[in-house]
Amino acid sequence: MMPPVFRFAPSPNGLLHLGHAYSALLNFDRARQTGGRLLLRIEDIDATRCRPEYETAIYEDLAWLGIAWETPVRRQSEHLGDYRAALERLSALGLVYPTFESRAEIARLIAARARWTGRGRAIPTVRRFIPATRNHCRLTNGRS
């Protein structure tokens, strides 16, 4: 049987806080207890907010906490081509379902679904009708 894999995936857009430390320590301890692996993945795809000094601080803080992780560290920004290729494969199979709702609109739909069904954890299937030509325009040119 393969050893379990645990991960900690902070975004370097600020200093770590207590919740980050707890999550990292919990995953590190579980990996040690189970003979598993701990991976560190840096979620650095938000180029406007992520900063190299915060990434450096993450490494320093985790080391200070006594946490060890496998190297190399996976930096999401270094794998955007892989994600694009996977999206293209899924799209070619007809398995991509675009949506233009904002996060707030999706949250409202989930809350409404919970009221209707008593279950609110799944993404709702309720979507407003968008004509195919407008959908194509949105996909080509961005939200409009």
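Everything below is about the structure printed above this text.
Scoring rules and cut-offs
Residues numbered from 1 in each chain as written. Predicted model: local features only at pLDDT ≥ 70, side-chain atom pairs only at ≥ 80, totals over all residues. Heavy atoms only, no water. Helix = DSSP H or I, 4+ residues; strand = E, 2+ residues; numbered from the N terminus. Buried < 20%, exposed > 50% of the residue type's maximum accessible area, 1.4 Å probe, protein only. Contact = heavy atoms within 4.5 Å. Areas by Shrake-Rupley, 256 points an atom, 1.4 Å probe, with all protein chains shown as cover. Pairing = 2+ DSSP bridges. Right-handed = clockwise from strand over helix to strand, strands pointing away. Salt bridge = Lys/Arg side-chain N within 4 Å of Asp/Glu carboxyl O. Axes fitted to C-alpha atoms, helices over the stretch in contact; angles between N-to-C directions. Polar contact = N/O pair within 3.5 Å; in protein donor to acceptor, adjacent residues only side chain to side chain.

(A) Fine view of the overall build of the protein chain. Assigned secondary structure in the protein chain consists of 5 helices and 3 strands. Secondary structure elements in the protein chain, listed N-terminal to C-terminal, are β-α-β-α-β-α-α-α. When each of the 144 residues of the protein chain is scored for burial, the buried share is 23%. In the protein chain, of all internal contacts separated by at least 6 residues, the share reaching a separation of at least 24 is 65%. For the protein chain, the accessible surface area stands at approximately 10,500 Å², while carbon and sulfur atoms represent 59% of it.

(B) Examining the pairing of strand β1 (residues 5–8) more closely. With burial as the criterion, only one face of β1 is covered, namely that bearing Phe6 and Phe8; the residues Val5 and Arg7 on the opposite face remain uncovered. One ladder, built from 4 bridges, connects β1 with strand β2 (residues 37–42); its direction is parallel. Each bridged residue has a counterpart across the sheet, and for Val5 the counterpart in β2 is Arg37. As a crossover connection, the stretch from β1 through helix α1 (residues 18–34) into β2 is right-handed.

(C) Summary view of the pattern of salt bridges. Enumeration according to the criterion identifies 7 salt bridges in this entry. Here Arg37 makes a salt bridge to Glu70, at a shortest N to O gap of 2.7 Å. You can see Arg37 sitting in strand β2 and its partner Glu70 sitting in the loop between α2 (52–64) and β3 (74–75), a full 33 residues away along the chain. The class of Arg37 is partly exposed, set by a relative accessible area of 30%. The class of Glu70 is partly exposed, set by a relative accessible area of 30%. Residue Arg75 is joined to Glu78 by a salt bridge in which the shortest nitrogen-to-oxygen separation is 3.4 Å. When salt bridges that share partners are traced, they join Asp44, Glu55, Arg75 and Glu78 into one network.

(D) Quick peek at unusual backbone geometry. Cis rather than trans, the peptide bond between Thr71 and Pro72 has omega equal to 5°. For Pro72, the position within the fold is in the loop between α2 and β3.

(E) Spotlight on the sheet that holds β2. Spatially, 3 strands are ordered β1-β2-β3 in an open sheet, and the strand pairing comes out parallel. Every interior strand has two partners, whereas the edge strands, β1 and β3, have only one. Across 2 bridges, β2 lies against β3 in parallel orientation. Across the sheet, residue Ile42 finds its bridge partner in β3, namely Arg75. With respect to the sheet, α1 is in contact with β1 and β2, its orientation differing from that of β1 by roughly 165°.

(F) The arrangement of the environment of Gln33 in detail. Residue placement: Gln33 occurs in helix α1. Judged by its relative accessible area of 59%, Gln33 falls in the exposed class. Within polar-contact distance, the side chain of Gln33 engages the side chain of Arg30 at 3.1 Å.

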